[in-house]
Every structure is written in structure tokens, then in C-alpha cells.
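What follows is each chain in one-letter form.
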Amino acid sequence: MIKMFKRMKKNWGWLAVIFCLLLVQAFCDLSLPEYTSRIVDTGIQQGGVEDAVPDRIREEAFDGLLRLMAAEDREKAEAAYSLEDGLYVRKELTGEEREELNAPFGKAMVAEAGLAEQGVDVLQLSQAQLQAMLPGVLEQVEAISDSIVTQAAVAWVQDEYAAQGRNVDQMQTDYVLQSGLQMLGLAGISMLAAILVTFLSSRVSAALGRDLRNQVYRKVLSFSSGEMNHFSTASLITRSTNDIQQIQLVMTLLFRIVLYAPILGAGGILKVLETKSTMTWVLALGVAVIFAVMAFLFAVAMPRFKKLQTLVDKINLVTREILTGIMVIRAFSTEKHEEERFEEANRNLTRTNLFVNRCMTFMMPVMMLIMNGLTVLIVYTGARGVDEGAVQVGSMMAFIQYTMQIIMAFLMIAMVAVFMPRASVSASRVNEVLETEPSIRNPESAETPDPERRGELEFRSVSFAYPGAEEDVLTDVSFTARRGETVAFIGSTGSGKSTLVNLIPRFFDVSKGEILLDGVDIRRMDLKDLRSRLGYVPQKAVLFSGTIDSNLRYGREDAPEEEIRKAVEIAQAADFVDEKPEGIASAIAQGGSNVSGGQKQRLSIARAVVKQPEIYIFDDSFSALDFQTDARLRKALKRETADATSLIVAQRVSTILHADRILVLDEGRVVGQGTHKELLESCEVYRQIARSQLSEEELGA
């Protein structure tokens, strides 16, 4: 998966934006529990009074508190207030300065309230009386918990505000409303950040998927037949679709969840530690249990996840074979056998998917049970703290929220980790395609053939063996075909005829020897330049979805209409093309399934003629034609290709009777070459082929 990130260099800017938005979202989400605590503790329980440091205090009340403070605390308190119209008004203080004043003010307020209950007025006491009484009072205050001190101090401040004539109830309402609006603002910012992150993550992931599909497609187009055979068509289709889809899905989750979860989890832990709560052991216990559950599930499910893509490959392979060979299957009545083959592949995939999904389905309720169990444990433990005055209700609620955020972070990572093995396998499979170096490559410095030798093709001691094969398919083949000549190849099935002509466009490279086109080794020519000089008609005619016209223009889009028409007539395709309502604009279905085999062959020949190449390669391209059509087509081709070189692979001797030279192949070797008459006299293999196909009269003609 790491290599996938390297392929996203142009999107690093957007990833930085996503990361910043996630920080904003995490900050907002982690701030909400604190506001909940404030509303409950300060807004509801303390009436909107935050601490024991009032914003305004009457002069006599302030003097009374100062008399109950230590000298150092008294100096800080006096420095924090200024006298205005009989009221001491608090100056602008930092959070730390206010925290330092909170404890002295709170203890002084509790002490003053205790003395007042005894009927003692602090201001009426002499300094000697105060010094004698103060140690005992302060000792009693120190024995009280901080929570009780805070509550008592808040009650004192509320009474002080009421004595000043201020509306305490309205102060509480304003505080709750202000905190609630701040919470809504944070929630809105968090929602907006989440929407933007989701949008940008989807865009970036979709762009990655698009780029990967384009890269895989371009890479596959550069593959030779050797690489195509190595990967198989079904596997390449799976890698281009399902595998990239898996990568795209996981990348979206990575940007949206995996980047966010650690930020949220780490922030939650810091917030919990800031609370200085005694319940942090509950959080540690929950995380440990979640890790144990995740480790167990991954140990069970991960091996199956890694098998899924292989099983998808298998079912695609079986499906493609069945759909491609449906006519043969019906002809041999083997539908039941193929159904069983598909059923087995489908069953294996379904069984593995079910097992993995059941594991993941089991994970969610277990995680929810852990979360709810932790909530109960926190409430149980926190209730004791509330009862003892060590914990406030709002603080306990905030702790629960922080804990749930931390647990949810781990849960999100666990959910994404489920997809990681399958995506990792998919990424490896896609990278395997992208990192495969084609065996057929352009030379670093291409050579341009001599125009004066146009149409000249020479094989020099060419031998060839398929990748991984132990024996050569072709051995020491040598011949020269010059401009205007027709060179034919004939031999028994498997003698290497098609392999020989497939070496010319460099579908494979020769194992030994060299092939020269216009005097230049084809391995030193630019591939596009080489193939632009060839008009190739494959053994199995291939048409593409579109129209007859678009298929004929496949090799030369700017061909004039009259040349298209001429090519159709040369290929003897005018009769069935004219019969169609839309003529040359008639639609061709995928694979040319709406035309016959003979019609596909003729359109393939017409496509090569439209290109007007230097060399025509006909790889058994007349096999689906009847004798009369074959004869007319070859006669028309002879006129059209008078200035070009024609290479014809044939099974029928009648197709190549008038060739300028015929090469006879037997087990990959040239066992004879010459004209028809010369070979009848000099080549036993050719003589046997000719006698099996022609009458005595035709042999003597």
C-alpha cells in the first residue's frame, strides 16, 4: 500500500488540506465534552459561577476575605482587583492567575461563612483576636474536600452577587445559553470539516483509481504476448476493476478514518490525563480488552481475506471461459459440467466471504458491549466519587465522553484494518502489473529505414522459442521478400506458420537471428513506426464495437470515403454491406457477433487495405471464404498490392498457387521454398499437402 501513496504525488496538497481539516474536526469534537462538563457543573450546579474568584465584590466583603488570607495570598488578591465606586472589580487575569486565586478565595469564603454561623463578624475582630482564632478555623477548612470547598465558595459568591442587586437566575441562564451556543458552533464547524474531508477524500481516492486504471491500461497495451500469457486476460480484468476498486475504497477510509482516529485517540487520552481523574484505569482496561478482541479476530479472519482476490480471479476466469465458449458447450451438451465448475468457484468465494463477514459482524456487537460495559463501570466508579465529593457530575460525564471517543478511535481503526489485507493484496497485484517491464520495448535510439528499400523484408537465420519452452518453434529460418512479391507459408498444423509472421510486428522477439525491414533490424526501429508499415490480418478476425466505417478506419482515420469504398469492394464485402439498411454506417456489435465469420474476415482484410501499408500480413485470413470469393478477392488484392509486399499464411494450396515464392514449414524448419511447380518437383512435404487437396488436373495446371 505504501507504493500507492507514491503514486499520489500530485495530490499531496489536497492530503495536507485533509489533514488540517481533521485537526480542526478533532479539536471541535474533543472540546464538546468539556462544554458538557461546564454546563452541568458550572451552569446547573453552580448557577453560572465558574469559581471562587468573583468578577465584582463589595468593599467590606473583600476586606473581610483579605483578613482571612495569608500575607502572600492577600497581596495577589489585592493586585487582581481595583476599587471602583465601592466595588472591587476584577482585572483581566490569565487562566493560571485565576487558578492561583481560586483556592485562597475559596478557603477564605468557607472560613468567613463558618464564623458568620457562629455569630462572629470578621471585620469586628481585632488583629489579636483574629490571629488567635484563625489557625483553628483554617485547620477545619483544610479538612474539607476541594469539591465541598468549591461548592461552598460558589454559594458565597452567589449570595454576594445577590447582595449587589444582580439577577443570579439570569446569570445562570445566560451562562448555560452562551455555553450551549458555543457547543453548537463547535458542532457545526466539526460537521463542516467532516463533510469537506469526506468530499476531498472521495475526490482524491477517485483520482487515484482513475490514474491507476489509466496506468494499468497503458501498461497492458505495451505488453507483448509473453506478458499477456503470464497474467491471463481474466486476471488483468480483475486487477483493472475489482483490485483498483478495493484500493480506492480503502484509500477513502484511510483519509477519512485512519488519519482521524489517531488524532482523536491521542487527543482524548491527553484530555483524560488533564482531568487528573482516578478513573483512568477504566480506560486502560477497555483499550486492553479491545486489543485482545482485535488480535483474535485478525488472527482468524486475515488469512481468509488474503484468499479473496484469488477466488475472485478464479470465478472471473471460469465465467469468461464459459461465456466465450458457450456455443461449444451447447454443442457438446456439457452445460451441467460447466454449471458445476462455476458452482464450485462460486461456492468457494461465497464460503470465504461469509466466514469473513461473520467475523466482522461478530466484532461490532463485541465492541459495543465493551463500550457499554465501560460506561457502566465509569458511572459506578464515578458515582462513588460524586458521593464522596471528589468528583463532580459534569466531570464524570466528560470522562465518559472522552472514553467513548478514545474507544471509538480504536474501533474505527479496527474496522478499517479489516479491509487492509485485501487492499494490500490488491495493491500488490496492481503494482505487479505496473512494475512489469515489457519484454518488447522501443530502442533508446531508433533507426529509420531506407526509403529506397521500401517493402523489403528479410529473415536471417531466425530461431524462436516461446518463453519457458524447452524447444524452438522456429529453427534457422531465412528468406527475403521484396517489394511487389507475394510470399506464402504453408505446412501442417503446428509447423510455426503463424508464429513466423507474428514475429514481424514484434508480438514476440526472435530468440536468435534477426529480421530486417527495409534494411533495418526491427528491434532497432520505433515500434509505432514498424507497425505503421504493416497491414495485419489475424488468423481470428477481430472487429470492435462501433460501425463498419469506424472499423475500416481503425488504422487510418483520415481515409477518404472513396478509398473506404474501394477497400470494401476489393475485400469482396460490398454485397453484404450494401444489403444493410445503413450501409457502411451499420452497427457492429462487440466482437463482431452480428456478422458471420466470412464477413468478419472480409472486413478485416478491407481494414488492412485502407491502411495502405508497405507489407501485408495475411495469417490464414481466407479460411472462412468459399473458393469463388477467395479467387475474386486474391485477384483484386493482387492489383491493389502490386507495389507492396504480401505475406500469406495458408492452409489451402489453392490460395497460394500463384505466389511468387512459397515456403514450406515442417516442425519449425523451412524444408522447401520456390514456386508451386518447383516445389511439386523438389519438396516431398509440399507434394503430399498438394495431393491431399488438389486433383491430378489441378496439380498439372
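The paragraphs below set out a description of the structure included in this document. Values in this document were obtained by computation on a predicted structure and should not be read as measured data.

Right, let's talk about the overall build of the protein for a bit. Helix and strand content of the protein: 25 helices and 15 strands. Seen along its three principal axes, the alpha-carbon backbone of the protein occupies a region of about 150 × 50 × 50 Å. Sequence separation of 24 or more characterises 78% of the internal contacts of the protein that already satisfy a separation of 6 or more. Accessible area of the protein: about 35500 Å², with a carbon and sulfur share of 55%. Averaging the positions of the 74 positive and the 91 negative side-chain charges in the protein gives two centres separated by 10 Å.

Gaps left between atoms are located by rolling a probe of water-molecule size over the structure's atoms. Counted according to the given criterion, the structure contains 1 cavity of 30 Å³ or more. Of the pockets and cavities examined, the largest cavity occupies roughly 30 Å³. Along the lines of polarity and charge, the residues of the lining of the largest cavity split into 4 nonpolar, no polar and 3 charged.

Along the chain, Asn551 turns up in helix H18 (residues 548–552). Exposure remark for Asn551: the relative accessible area of 4% places this residue in the buried category. Asn551 sits 52 residues away from Leu603 along the chain, and the two C-alpha atoms are 8.0 Å apart. Not counting residues within four places of it along the chain, the set of residues in contact with Asn551 comprises Leu543, Phe544, Ile588 and Arg607.

Attention shifts here to the pattern of salt bridges. For the coordinates displayed, the defined rule picks out 36 salt bridges. The closest approach of N and O atoms between Arg524 and Glu447, which form a salt bridge, is 2.9 Å. Placement of Arg524 in the loop between strand S8 (520–521) and helix H17 (527–532) and of Glu447 in the loop between helix H15 (393–434) and strand S4 (457–464) is noted, with a sequence separation of 77 residues between them. On the accessibility criterion, Arg524 (37% relative accessible area) is partly exposed. Taken together, the shared-partner salt bridges connect Arg454, Asp518, Asp529, Arg533 and Glu614 into one network.

Once that is clear, we can look at the sheet that holds strand S13 (residues 645–649). One open sheet accounts for 6 strands, arranged S9-S12-S13-S6-S14-S15; its pairing is mixed. Two strands lie at the open edges of the sheet, namely strand S9 (534–537) and strand S15 (669–674), each paired on one side alone. Looking at each pair of strands side by side, their axes are set apart by 15 degrees on average, direction ignored. Examined bridge by bridge, strand S6 (residues 486–491) and S13 share 4 bridges and lie parallel to one another. The residue bridging Phe489 from the neighbouring strand is Val649, located in S13. Packing of helix H24 (residues 684–693) onto the sheet brings it into contact with S6, strand S14 (661–666) and S15, and relative to S14 it is tilted by some 100 degrees.

Our next topic: the sheet that holds strand S7 (residues 512–517). The strands that make up a sheet are held in pairs by hydrogen bonds between backbone atoms, and each pair lies either parallel or antiparallel. As summarised here, the arrangement of the 4 strands in space is S5-S4-S7-S8, forming an open sheet in which the pairing is antiparallel. Every other strand in the sheet has two partners, leaving strand S5 (474–481) and S8 as the edge strands with one partner each. Two strands pair when backbone bridges link them, and S4 and S5 are joined in this way by 5 bridges, in the antiparallel orientation. Note on S5: the bridge partner recorded for Glu458 is Thr480.

What follows covers a nonpolar patch on the surface. A cluster of nonpolar residues, Phe19, Leu23 and Leu259, forms a patch on the protein surface that exposes about 230 Å² of accessible area. Assignment of secondary structure puts Phe19 in helix H2 (residues 12–45). Taking the relative accessible area as the measure of exposure, Phe19 reaches 37% and is therefore partly exposed.

By the definition in use, this model includes 13 aromatic pairs. With 5.4 Å between their ring centres and 50 degrees between their planes, Phe464 and Phe508 make a pair best called tilted. Separated by 44 residues along the polypeptide, Phe464 in strand S4 and Phe508 in the loop between helix H16 (497–502) and S7 bring together distant segments of the chain. Owing to a relative accessible area of 11%, Phe508 belongs among the buried residues under this scheme. Through a chain of ring-to-ring contacts, three or more aromatic side chains come together here, namely Phe62, Tyr81, Tyr88 and Phe105. Here Arg38 stacks its cationic end above the ring of Tyr35, 4.8 Å away from the centre of that ring.

Residue position: Ser498 is located in helix H16. Side chain to side chain, Ser498 and Gln539 meet in a polar contact 3.4 Å long. Aside from chain neighbours lying at most four places away, what touches Ser498 is Gln539, Asp619 and Val649.

Attention shifts here to the nonpolar core. Residues Ile18, Leu212, Ile247, Met251 and Met367 are the most contacted members of the largest nonpolar core, which totals 82 residues. Listed by contribution, the elements that provide at least two residues to this core are H2, helix H8 (168–222), helix H10 (233–258), helix H11 (260–274), helix H12 (280–324), helix H14 (335–388) and H15. Residue contributions to this core peak at 20 residues, all from H15. Aside from chain neighbours lying at most four places away, what touches Leu212 is Met4, Arg7, Ile244, Ile247, Val430 and Leu434. By size, the runner-up hydrophobic cluster in this structure holds 46 residues, among which are Ala559, Ile570, Ala571 and Ile662.

Cut-offs and rules
Residues numbered from 1 in each chain as written. Predicted model: local features only at pLDDT ≥ 70, side-chain atom pairs only at ≥ 80, totals over all residues. Heavy atoms only, no water. Helix = DSSP H or I, 4+ residues; strand = E, 2+ residues; numbered from the N terminus. Contact = heavy atoms within 4.5 Å. Areas by Shrake-Rupley, 256 points an atom, 1.4 Å probe, with all protein chains shown as cover. Lys, Arg positive; Asp, Glu negative; His and termini not counted. Charge placed at Lys NZ, Arg CZ, Asp CG, Glu CD. 1 Å grid on protein atoms, 1.4 Å probe; cavity = no way out; pocket = protein on both sides within 12 Å on 5 of 7 lines; lining within 4 Å. Points joined across faces, edges and corners; volume = space filled by probe spheres on them. Nonpolar A, V, L, I, M, F, W, Y, C, P; charged D, E, K, R; others polar. Buried < 20%, exposed > 50% of the residue type's maximum accessible area, 1.4 Å probe, protein only. Salt bridge = Lys/Arg side-chain N within 4 Å of Asp/Glu carboxyl O. Pairing = 2+ DSSP bridges. Axes fitted to C-alpha atoms, helices over the stretch in contact; angles between N-to-C directions. Patch = residues over 30% accessible without salt bridge, like charges linked within 9 Å, V, L, I, M, F, W, Y side chains within 5 Å. Phe/Tyr/Trp six-rings, centres within 6.5 Å; stacked < 30°, edge-to-face > 60°. Lys NZ or Arg CZ within 6 Å of the ring centre and 35° of its normal. Polar contact = N/O pair within 3.5 Å; in protein donor to acceptor, adjacent residues only side chain to side chain. Core = buried A, V, L, I, M, F, W, Y, C linked by side-chain atoms within 4.5 Å.

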